[in-house]
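# Coordinate inspection notes
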Amino acid sequence: MKQILERDKALEIAQAKELRGDIISTLYTVYPQAVSAATLRSMLRYKGINSDADIRKALYYLSGREYVSVDEEEDYWESRLLLLPCGINLAEDDFKDIGVNINE
């Protein structure tokens, strides 16, 4: 039972890292344009990605690391997102972040 829980936790962590990478990659494709969180959510859902809560958690992580600027609005999904210089460097593989997995 413990192995199953550990494996599930490892899978959850891997999925969170991949979602963060997908967000960075998606914002990189539209840079220098800012997009709404709702637009990003739609773009990620096209790829078959995750719940609203997972996307918000990933954006919180990325904004805390100063990869993404989140100009929060009262309705979170109307917030404007912009890739910051460190996020561009991350997208261009100039450095690695252990919490972000960018697949090429």
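Here's a quick rundown of the structure. Quantities reported herein were computed from a predicted structural model and do not represent experimental measurements.

The next thing to look at is the sheet that holds strand β1 (residues 35-36). Taken in spatial order, the three strands of this open sheet run β1-β3-β2, and their pairing is antiparallel. Edge positions in the sheet fall to β1 and β2 (68-71), since each of these pairs with one other strand and no more. Sheet topology places β2 next to strand β3 (residues 80-83); four bridges connect them, and they run antiparallel. Paired with valine 68 across the bridge in β3 is leucine 83.

Glancing now at the layout of surface pockets. Of the voids in this model, the largest pocket is the one considered here, and its volume is about 240 Å³. Lining the largest pocket are Lys9, Glu12, Ile13, Gln15, Ala16, Leu19, Arg20, Asn50, Asp54, Lys57 and Ala58. At the level of secondary structure, the elements contributing two or more residues to the lining of the largest pocket comprise α1 (2-30) and α3 (52-64). For the lining of the largest pocket, the element with the most residues is α1, which contributes seven residues. Taken together, the residues of the lining of the largest pocket break down into four nonpolar, two polar and five charged.

Let us look at the pattern of salt bridges. Under the criterion given, the structure shown has six salt bridges. One salt bridge connects lysine 9 with glutamate 12, and the closest N-O pair in it is separated by 3.8 Å. With lysine 9 and glutamate 12 both in helix α1, this residue pair falls three residues apart, about one helical turn. For glutamate 12, a relative accessible area of 47% puts it in the partly exposed group. Among the salt bridges present, the one from aspartate 54 reaches lysine 57, with a minimum N-O distance of 3.8 Å.

Of all hydrophobic cores here, the largest spans 23 residues; its most connected members are Ile23, Ile24, Leu27, Val68 and Leu81. Sorting the residues of this core by element identifies α1, α2 (37-46), α3, β3 and α4 (85-91) as the ones contributing at least two each.

On to α3. Between the first and last C-alpha of α3 there are 18 Å, a value that for 13 residues agrees with the 18 Å anticipated at 1.5 Å per step. Three or more residues of α3 are buried, namely Ile55, Ala58, Leu59 and Leu62. The buried residues of α3 occupy an angular sector of 100° when the element is viewed end-on, so they sit on one face. Within α3, the exposed residues directed more than 90 degrees away from the buried face are Lys57, Tyr60 and Gly64. Contacts made by the buried residues of α3 are with α1, α2, β2 and β3. In the segment just after α3, glutamate 66 is the residue with positive phi, at about 65°.

Cut-off values and rules
- Residues numbered from 1 in each chain as written.
- Predicted model: local features only at pLDDT ≥ 70, side-chain atom pairs only at ≥ 80, totals over all residues.
- Heavy atoms only, no water.
- Pairing = 2+ DSSP bridges.
- Helix = DSSP H or I, 4+ residues; strand = E, 2+ residues; numbered from the N terminus.
- 1 Å grid on protein atoms, 1.4 Å probe; cavity = no way out; pocket = protein on both sides within 12 Å on 5 of 7 lines; lining within 4 Å.
- Points joined across faces, edges and corners; volume = space filled by probe spheres on them.
- Nonpolar A, V, L, I, M, F, W, Y, C, P; charged D, E, K, R; others polar.
- Salt bridge = Lys/Arg side-chain N within 4 Å of Asp/Glu carboxyl O.
- Buried < 20%, exposed > 50% of the residue type's maximum accessible area, 1.4 Å probe, protein only.
- Core = buried A, V, L, I, M, F, W, Y, C linked by side-chain atoms within 4.5 Å.
- Expected span 1.5 Å × (residues − 1).
- Arc of directions from axis to C-beta.
- Contact = heavy atoms within 4.5 Å.

Shape descriptors only; they carry no functional weight alone.
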